[in-house]
Amino acid sequence: MSNYEQMWTDLSMDLERHNAALAPLPDMYQSIFLSQKNRPKAMSYFDWFVSEAHGQRIKELVDHRAKGGKVFGYFCAYIPEEIVIAADGVAAGLCAGEEISISTADQILPRNTCPLIKSAFGFKLERSSPFFQSSDLIVGETTCDGKKKTWELLADYAPVHVMELPQRRDEKDKELWISELFAFKDKIEEVTGNKVTEEKLAEAISLLDARRAALKRLYDLRKADPVPISGVDALLAPQLYYDDDPSRLTTNINALCNELEIRVKEKVGVVPSGTPRILIAGCPMVLPYWKVHPIIENRGAVVVCEESCVGSRLLTGDTIVKGQGLEAQIAAIAERQLKTHCACFTPNHERIEDILNLCWEYHVDGVVHFSLAFCQPYIMEAVKVKKALEQRNIPMLELETDYGEGDIGQITTRIEAFLEMIRK
Ligand code: BJ8
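Residues numbered from 1 in each chain as written. Predicted model: local features only at pLDDT ≥ 70, side-chain atom pairs only at ≥ 80, totals over all residues. Heavy atoms only, no water.

Let's talk about the overall build of the protein
What counts, and what does not: Segments assigned H or I by DSSP are reported as helices when at least four residues long, segments assigned E as strands when at least two residues long, and all are numbered from the N terminus. Computation of the radius of gyration draws on C-alpha atoms, with the globule rule given as 2.2 Å multiplied by the number of residues to the power 0.38. Here's how the labels work: a residue is buried when its accessible area is under 20% of the maximum for its type, exposed when over 50%, partly exposed in between, all with a 1.4 Å probe on protein chains only. The contact definition used throughout considers only heavy atoms, calling two residues in contact when any of these lie within 4.5 Å. With residues, only the protein chains shown are counted as cover, and all accessible areas are computed by Shrake-Rupley using a 1.4 Å probe.
The number of helices and strands found in the protein is 19 helices and eight strands. For a compact globule of 424 residues, the expected C-alpha radius of gyration is about 22 Å, and the protein comes in at 21 Å, within 12% of that figure. When the backbone C-alpha atoms are referred to their principal axes, the protein occupies close to 60 × 50 × 45 Å. For the protein, the proportion of its 424 residues judged to be buried stands at 58%. The long-range fraction of contacts in the protein, counting pairs at least 24 apart against all pairs at least 6 apart in sequence, stands at 75%. As displayed, the protein offers around 17500 Å² of accessible surface, 52% of which is attributable to carbon and sulfur atoms.

Written as structure tokens, this is what we have:
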């Protein structure tokens, strides 16, 4: 990584803070990922990407900008990457998954703010994220209250564009979202100086449909018993979704799936058939947040699916364009996106149905509902999720946690008790 110090300096980064953020990762990666037995060979690409996320990937963004291209930093599955790509821009998921920057954010943000928001805000404040430092524009959205108010504060430190995401899914809400997509297109055209044409948008739509299809293939393979890949390895694919080059990631997810298909055919699993199968539902686990999966998987269970925006909520299918022109394309993007059932919507019975379906499709023995601390939408929606699961006799463990290590002992004890109960 030291080869990149000049690049990070040129991005006006605080190298000391950045090095402190990176320092624990190699050991953590070794103990969580590389020490696993029987890993698919194709995971080597994911290992490479994680090791080069702040190196080679940032160099790609720097090179893109040197040629006049623009980079758009974002956090949410609702940000339409298709439009960015159609204007020859790059969308880059911003750093928001580490505890180290939280103390900096705490100097400004209220204590009861979720760690995802605090981590991101702190990274921007202390200039320790190369993704933030490479972004020409940060794209926010009106989802939870914490994010909504953070964009206002963040605008003092970087240019921000906020998309107004409706909180319901009626016709008038869909119209509002379509108008927001058009406003976003105008903004992207203004920043890049490039026109979003029907041809370019069609290309971008098929590029991202292909990436979604590859991820769906991977998730479908996790339905097998025995399951051919550990949950923690599989989690890397949706984590990279926000940061990697879409075409390269699609190729590498498909290469992984080719290998897993052989395993499934030959009934080769990472754990024996009959191992308790866990669905994790709730808040996104953004790179490099790997706190919960290893606790579950080191205790004789396996995570077979994540119902999350770093998981199955990305699997909204193909973008079905009915008709000609940008209007039809943008309406199709909106239609597809609104299948992402975020807890910021109300009512949100669709998400409960999704979770029930996933339990059935993935032959799940128990659900761990994962909420980040102070995330009102997911913490409150857990009440309804639990009730629906109880009616179907599916056990659920409710976890509310943060990015720190302070509660690992307590979480481990609760997960052990939960798995014990499932095994009886
Ligand atoms: S579409 S889930 S990616 S908003 S954890 S910041 S909700 S207080 S992340 Fe999300 Fe888009 Fe929805 Fe998906 Fe707020 Fe909760 Fe924090 Fe959250």
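Here's the deal with empty space enclosed by the protein
The criterion, for reference: In this analysis the probe radius is 1.4 Å and the grid spacing 1 Å, with only protein atoms considered; a cavity is a set of points the probe fits into but cannot get out of, a pocket is an open set with protein on both sides within 12 Å along at least five of seven lines, and lining residues have an atom within 4 Å of a point. Grid points are joined across faces, edges and corners, and a volume is the space filled by probe spheres set on the points. Polar here means any residue outside two lists: the nonpolar Ala, Val, Leu, Ile, Met, Phe, Trp, Tyr, Cys and Pro, and the charged Asp, Glu, Lys and Arg; Gly therefore counts as polar.
With the rule as written, the count across this model stands at three cavities of 30 Å³ or more. Reported here for the largest cavity is a volume of approximately 210 Å³. In terms of lining residues, the largest cavity is bounded by 18 residues, among which Ala77, Ile79, Tyr241, Leu314 and Arg336 are the most central. Elements supplying a minimum of two residues to the lining of the largest cavity: helix H6 (81–86), helix H12 (198–221) and helix H16 (325–337). Counting residues per element, the lining of the largest cavity draws most heavily on H12, at three residues. Residues of the lining of the largest cavity, tallied by class, amount to nine nonpolar, three polar and six charged. Volume-wise, the second largest cavity comes out at about 80 Å³.

Describing the layout of surface pockets
Counted only if it meets this: Each domain's extent is set by a domain assignment, obtained either automatically or from a database.
Each pocket or cavity is described by its volume, and for the largest pocket that value is around 670 Å³. Considering the residues around the largest pocket, the lining is formed by 36 residues, among which Ile117, Cys144, Gly146, Lys147 and Cys375 are closest to the centre. Of all the secondary-structure elements, those providing two or more residues to the lining of the largest pocket are helix H8 (115–126), helix H10 (145–154) and helix H18 (376–391). Counting residues per element, the lining of the largest pocket draws most heavily on H10, at seven residues. The residue inventory of the lining of the largest pocket, partitioned by class, reads 23 nonpolar, seven polar and six charged. There is about 540 Å³ of room inside the second largest pocket. Around the second largest pocket, the lining is made up of 30 residues, and of these Leu25, Val50, Ala53, Leu287 and Pro288 lie nearest the centre. Contributing elements (two or more residues each) for the lining of the second largest pocket: helix H3 (25–34), helix H4 (43–52) and H8. With four residues, the top contributor of residues to the lining of the second largest pocket is H3. For the lining of the second largest pocket, the residue count by class is 22 nonpolar, five polar and three charged. Here the lining of the second largest pocket gathers at least three residues from each of two domains, domain 1 (5–197) and domain 2 (203–317 + 342–423).

A closer look at the packing of aromatic side chains
To describe a pair of aromatic rings, you give the distance between the ring centres and the angle between the ring planes. Basically, it comes down to this: Paired rings are identified among Phe, Tyr and Trp, the last through its six-membered ring, by centres lying within 6.5 Å, and are further divided according to the angle between planes into stacked (under 30 degrees), edge-to-face (over 60) and tilted (the rest). A ring is scored as having a charge over it whenever the NZ atom of a lysine or the CZ atom of an arginine sits within 6 Å of its centre and within 35 degrees of its normal.
One pass over the full model with this rule turns up 16 aromatic pairs. Ring centres 4.9 Å apart and planes at 80° place the aromatic pair Phe33 and Trp290 in the edge-to-face group. Of this pair, Phe33 sits in helix H3 while Trp290 sits in the loop between strand S5 (277–282) and helix H15 (292–297), and the two are 257 residues apart along the sequence. Here a set of aromatic residues connected by ring pairs shows up, and it is made of Tyr45, Phe46, Trp48 and Phe49. The side chain of Arg222 reaches across the aromatic face of Tyr219, ending 4.9 Å from its centre.

Considering a nonpolar patch on the surface
We apply this condition: Here a patch means residues that are over 30% exposed by relative accessible area and free of salt bridges, tied together within 9 Å if like-charged and within 5 Å if nonpolar (Val, Leu, Ile, Met, Phe, Trp, Tyr). Throughout this description, the term salt bridge denotes a Lys or Arg side-chain nitrogen within 4 Å of a carboxyl oxygen of Asp or Glu.
Residues Ile108, Leu153 and Tyr157 make up a contiguous nonpolar surface patch of roughly 260 Å² in combined accessible area. Within the fold, Leu153 resides in helix H10. Residue classification places Leu153 among the partly exposed positions, given a relative accessible area of 34%.

Regarding the packing of H4 against helix H13 (residues 231–241)
As a reminder, the rule being used: Under this scheme, a helix contributes an axis fitted over its contacting stretch, all axes are lines through C-alpha atoms, and angles between N-to-C directions fall in the 0 to 180 degree range. Each angle receives one of four descriptions, namely roughly parallel if under 35 degrees, roughly antiparallel if over 145, roughly perpendicular if within 65 to 115, and oblique otherwise. Crossings are assigned a handedness: left-handed for a near helix turned anticlockwise from the far helix by less than a right angle, right-handed for a clockwise turn.
Running from N to C, H4 and H13 cross one another at 55°; their axes reach a closest spacing of 10 Å. As far as their axial angle goes, H13 and H4 are oblique. With respect to the hand of their crossing, H4 and H13 are arranged in left-handed fashion. Contact with H4, carried on its side by Met43, Tyr45, Phe46, Phe49 and Val50, involves Asp233, Leu236, Ala237 and Leu240 of H13 and no other residues of that element. Taken together, the residues of the contact of H4 with H13 break down into eight nonpolar, no polar and one charged.

Quick look at the domain arrangement of the protein
Our working rule: Defined in terms of a 1.4 Å probe, buried area is the accessible area two parts forfeit on being brought together, summed over both.
Each domain of the protein was delimited in the assignment, giving domain 1 (5–197) and domain 2 (203–317 + 342–423). Of note, the centres of domain 1 and domain 2, computed from C-alpha atoms alone, are 22 Å apart. Facing the 51 residues of domain 1 at the interface are 56 residues of domain 2. Summed over both partners, the interface of domain 1 with domain 2 buries about 4300 Å², with 67% contributed by carbon and sulfur atoms. Of all residues in domain 1, Tyr45, Phe46 and Arg169 give up the largest surface area on contact with domain 2, accounting jointly for 15% of the area buried on that side. Where domain 1 meets domain 2, there are five salt bridges.

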